[in-house]
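Residues per chain are reported as follows:
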Amino acid sequence: MFSDTGAYEGRSVKLPTPGCLIRHDAQWMIWDTGNGDRPASVPGGEIRFGGRFTQPRTLAGQLAEPGLRPSDIDYVGISHLHQDHTANIPLFKDAAFLISAAEPAWARGNPTPFGVEAPSIAPLNAARLEPLEGDRDVFGDGTVQILRAPGHTPGSAMLLVRIPKSGPVLLSGDVFHTRENYEKNLVPGVNTNRAESLASSQRFRGVVANTDARVVIQHAPEDFASLPAFPEYPD
Ligand SMILES: [Zn+2]
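Residues numbered from 1 in each chain as written. Predicted model: local features only at pLDDT ≥ 70, side-chain atom pairs only at ≥ 80, totals over all residues. Heavy atoms only, no water.

Novice: Please provide a residue-by-residue account of the pattern of salt bridges, values included.
Specialist: Per the stated rule, a full pass over the model turns up eleven salt bridges. Here D4 makes a salt bridge to R194, at a shortest N to O gap of 2.7 Å. Of this pair, D4 sits in the segment before β1 (20–24) while R194 sits in helix α6 (residues 194–211); the two residues are 190 residues apart in sequence, bridging distant segments of the chain. Judged by relative accessible area, which is 41%, R194 ranks as partly exposed. Put simply, R38, E46, R48 and E117 are held in one network by salt bridges that share partners. (Salt bridge = Lys/Arg side-chain N within 4 Å of Asp/Glu carboxyl O. Helix = DSSP H or I, 4+ residues; strand = E, 2+ residues; numbered from the N terminus. Buried < 20%, exposed > 50% of the residue type's maximum accessible area, 1.4 Å probe, protein only.)

Laid out in structure tokens, this is it:
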């Protein structure tokens, strides 16, 4: 499913499904919520969407390591509403959700689109939802910017974070899934719009060129492994 050209025919791949915790002064934001804590209690993991999902540590348990509870999170930014980014949404009952306005409208469609898990996005009906029409400068100082990048899904987004000492980091959402997708500009067969995907790929590369940002492709194992192991962090 990671290329519409048959590039990966017969191959399988192992990918991380991370969420990223961001501290801005006294406020906390999480970008994407990962795979969900349910597979943590299923020996061998859960089979969904043609893949096996395992969860060695729960997200709530990881947040507890630096002494946080889900209720301490002020903002939840979601790159798009596929289940491996949304499955822990129900944990964050007190947060404001920053999601492209196009995304819930698509994800609530009937039949439910491939990759969306209706129960994990149902809490958005009662949540403090701040629908985004374009980009969003989350804290108003340019340090954390949600950038519109449709194509993988109609409301997909990426996140530019300017970290004081480490410098800018561009978190991909699912604009790309792997380093090879990025280097060869491959478009996954599951994407909702090929032309928008290529346009967002071009925007991604432009942001990298202009900010000199470190690229973190969220599902790329080597990018994930290159980051300090939580609860360590780049500061
Ligand atoms: Zn996705």
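Novice: Quick rundown of the packing of aromatic side chains? Include the residues and the values.
Specialist: Taken as a whole and assessed by the stated rule, the structure comprises five aromatic pairs. Relative to F204, the ring of F176 lies with its centre 5.0 Å away and its plane at 85°, an arrangement referred to as edge-to-face. In this pair, F176 is assigned in the loop between β11 (167–171) and α5 (179–184) and F204 in helix α6, connecting sequence segments 28 residues apart. For F176, a relative accessible area of 1% puts it in the buried group. Taken together, a centroid distance of 5.5 Å and an interplanar angle of 75° make the contact between Y182 and F204 edge-to-face. A residue pair is termed long-range when its members are at least 10 positions apart, and Y182 in helix α5 and F204 in helix α6 qualify at 22 residues. Judged by its relative accessible area of 12%, Y182 is buried. What makes F204 buried here is its relative accessible area of 0%. Here the aromatic cluster, defined as three or more aromatic residues joined through ring pairs, consists of F176, Y182 and F204. Above the plane of the ring of F53 lies R48, whose end atom (NZ or CZ) is 4.9 Å from the centre. (Phe/Tyr/Trp six-rings, centres within 6.5 Å; stacked < 30°, edge-to-face > 60°. Lys NZ or Arg CZ within 6 Å of the ring centre and 35° of its normal.)

Novice: For the sheet that holds strand β5 (residues 75–77), give the residues involved together with the corresponding values.
Specialist: Sheets are built from strands paired through backbone hydrogen bonds, the pairs being either parallel or antiparallel. In spatial order, the strands read β1-β2-β5-β6-β7; together these five strands make up an open sheet with mixed pairing. This sheet does not close on itself; its edge strands, each paired only once, are β1 and β7 (128–132). The average angle at which neighbouring strand axes cross in this sheet is 25°, direction not considered. Direction of pairing for β5 relative to strand β6 (residues 96–100): parallel, over a ladder of three bridges. Pairing of V76 across the sheet is with F97, part of β6. (Pairing = 2+ DSSP bridges. Axes fitted to C-alpha atoms, helices over the stretch in contact; angles between N-to-C directions.)

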